[in-house]
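# Geometric and topological summary
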Amino acid sequence: MADLKKEKLMLRALRGEALACPPIWLMRQAGRYLPEYRALRAKATNFLELCLAPDLAEEITLQPIRRFGFDAAILFADILLVPSALGRKLWFQDGEGPRLEPLAARDVAALTRSAIPERLSPVFETIKRLRKSLPVETTLIGFGGAPWTVATYMIAGAGSDDSGAARLFALQEPKAFAALINVLVDATVDYLVAQARAGAEVLQLFESWAATIPAESIAAFSVGPLERIVEGVRAKAPGVPVMIFPRGAGTNYLRYDAIGADALSLDAHVSLEAAVGMLKTRCLQGNLDPFRLIAGGKPLEESVRHIRRAMNGRAFIFNLGHGVRQETPVEHVAQLVSLVREAAA
Ligand code: 1CP
């Protein structure tokens, strides 16, 4: 009977339909700004346990849907589950973020993707449960990290603003670096296809550290690997739209646009007026400044109106330019959803 139901707004936008009111979801919509998340987090031993316990991950994914009625839910998990499934030690230091055992060139050959189906099976179970528990109009988004972004954490052992350790590794150990990117491409295809088969309806690739890639390496480090992932996912999970978020790509957004993904996510630094004319990707997504969501009031209203006007007539999904920040007042998120759903653009 599914074909008799009206298609979900999010999927209509991804097929290229310009809707009067765009669908809305927010990157990091589940997380620390929500009191109900903090309450669950306090009970768990650690963050990894939350990601790998289907009952908890399902509940956390549903929390922002219950509160705000977003058009899409994003699976509660983390991009660093892939390196963990490849055999790297991963832990989350409270208050400090993720930590991995730093990877050396000699460690690359030992990375194998054979354990992904078993080690990440709780994630696929969470997806199956969510397809039953989500409201019928809500689209379920699965995700993974882009190889470069994941490699930066694997090599440095933590996040860093300039990805210096990974950049130096790529220059000093080019063979090991290429092998690492290749393993991550294949592992990410496996992981995303398994998410789609479990019930994820859309897949997002996070290239959160696109800004740290020198221009001459964009093709080898990021655009090429993402092209191979999109191709691999389309071959094995046809019909599941793929969205790419190359945060901070600047003028290199044009290179990501040429991949021909189903949607391109714009950070808050991209001018929408310029993007509309230059970018050919079927659907665009973004790009509210997360600090306007913290500020609320006029700054929020003005920006929402500006974004809606600029994107009027274009297939578009409303989102932030990066994730919801911890200090964001929950009332502002509710205000945002009603502003986006107001009748006129
Ligand atoms: O409670 C806590 O201490 C954990 C904070 C937290 C949360 C809520 C982390 C640790 N990860 C997540 C969930 C998460 N991570 C989701 C799912 C839910 C949602 O979006 O609502 C997603 C999609 C991610 C993706 C992710 N993890 C990215 C890409 C998106 C982005 O923000 O750029 C990245 C870079 C990570 C790594 C990571 N995991 C956690 C943190 C704090 C970080 C960033 C650390 C750093 O760079 O220093």
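All of these numbers come straight from a predicted model, not from anything done at the bench.

## Quick word on the site of the ligand
The ligand sits among 22 residues. The nearest are Tyr-37, Arg-41, Asp-78, Tyr-153 and Ser-208. In the model, an oxygen atom of the ligand is placed 3.1 Å from a nitrogen or oxygen of the Gln-29 main chain. One of the side-chain N or O atoms of Ser-208 is found 2.6 Å from an oxygen atom in the ligand. Expressed as a share of its isolated accessible area of 890 Å², the protein-covered part of the ligand is 85%. Taken together, the residues of the shell around the ligand break down into 14 nonpolar, four polar and four charged.

## So, the nonpolar core
Grouped together as the largest cluster of nonpolar side chains are 132 residues, with contacts concentrated most on Trp-25, Tyr-256 and Leu-336. Examining the composition of this core, we find that 14 residues originate from one element, helix α10 (residues 174-198), more than from any other. In this structure, Leu-336 is in contact with Ile-24, Leu-26, Leu-288, Leu-293, Leu-300, Val-304 and Phe-318, ignoring residues within four places of it in sequence.

## Some thoughts on the side chain of Thr-328
Among the structural elements, Thr-328 can be located in the loop between β9 (316-320) and α16 (330-340). There is a polar contact of 2.6 Å between the side chain of Thr-328 and the backbone oxygen of Arg-325. With sequence-adjacent residues up to four places away left out, Thr-328 is seen in contact with Tyr-33, Leu-293, Ile-294 and Val-333.

## Here we look at helix α11 (residues 218-236)
Taking 1.5 Å per residue, 19 residues should reach 27 Å; α11 reaches 26 Å between its end C-alpha atoms and fits that length. The secondary structure elements touched by the buried residues of α11 are α8 (147-156), α9 (164-172), α10, β5 (202-207), β6 (242-246) and α12 (253-257).

## A word on the packing of aromatic side chains
Taken as a whole and judged by the stated rule, the model has 12 aromatic pairs. Ring geometry for Trp-148 and Phe-177: centres 6.1 Å apart, planes at 65°, overall edge-to-face. Highlighted residues: Trp-148 in helix α8 and Phe-177 in helix α10, separated in sequence by 29 residues. Judged by relative accessible area, Phe-177 falls into the buried class, the value being 4%. Taken together, the ring pairs in this structure connect Tyr-37, Phe-47, Phe-76 and Phe-92 into an aromatic cluster. It is Arg-247 that lies over the ring of Trp-209; its NZ or CZ is 5.0 Å from the centre.

The rules behind these values
Residues numbered from 1 in each chain as written. Predicted model: local features only at pLDDT ≥ 70, side-chain atom pairs only at ≥ 80, totals over all residues. Heavy atoms only, no water. Near = heavy atom within 4 Å. Polar contact = N/O pair within 3.5 Å; in protein donor to acceptor, adjacent residues only side chain to side chain. Areas by Shrake-Rupley, 256 points an atom, 1.4 Å probe, with all protein chains shown as cover. Nonpolar A, V, L, I, M, F, W, Y, C, P; charged D, E, K, R; others polar. Core = buried A, V, L, I, M, F, W, Y, C linked by side-chain atoms within 4.5 Å. Buried < 20%, exposed > 50% of the residue type's maximum accessible area, 1.4 Å probe, protein only. Helix = DSSP H or I, 4+ residues; strand = E, 2+ residues; numbered from the N terminus. Contact = heavy atoms within 4.5 Å. Expected span 1.5 Å × (residues − 1). Phe/Tyr/Trp six-rings, centres within 6.5 Å; stacked < 30°, edge-to-face > 60°. Lys NZ or Arg CZ within 6 Å of the ring centre and 35° of its normal.

In short, the description is geometric, and any link to function would need to be established separately.
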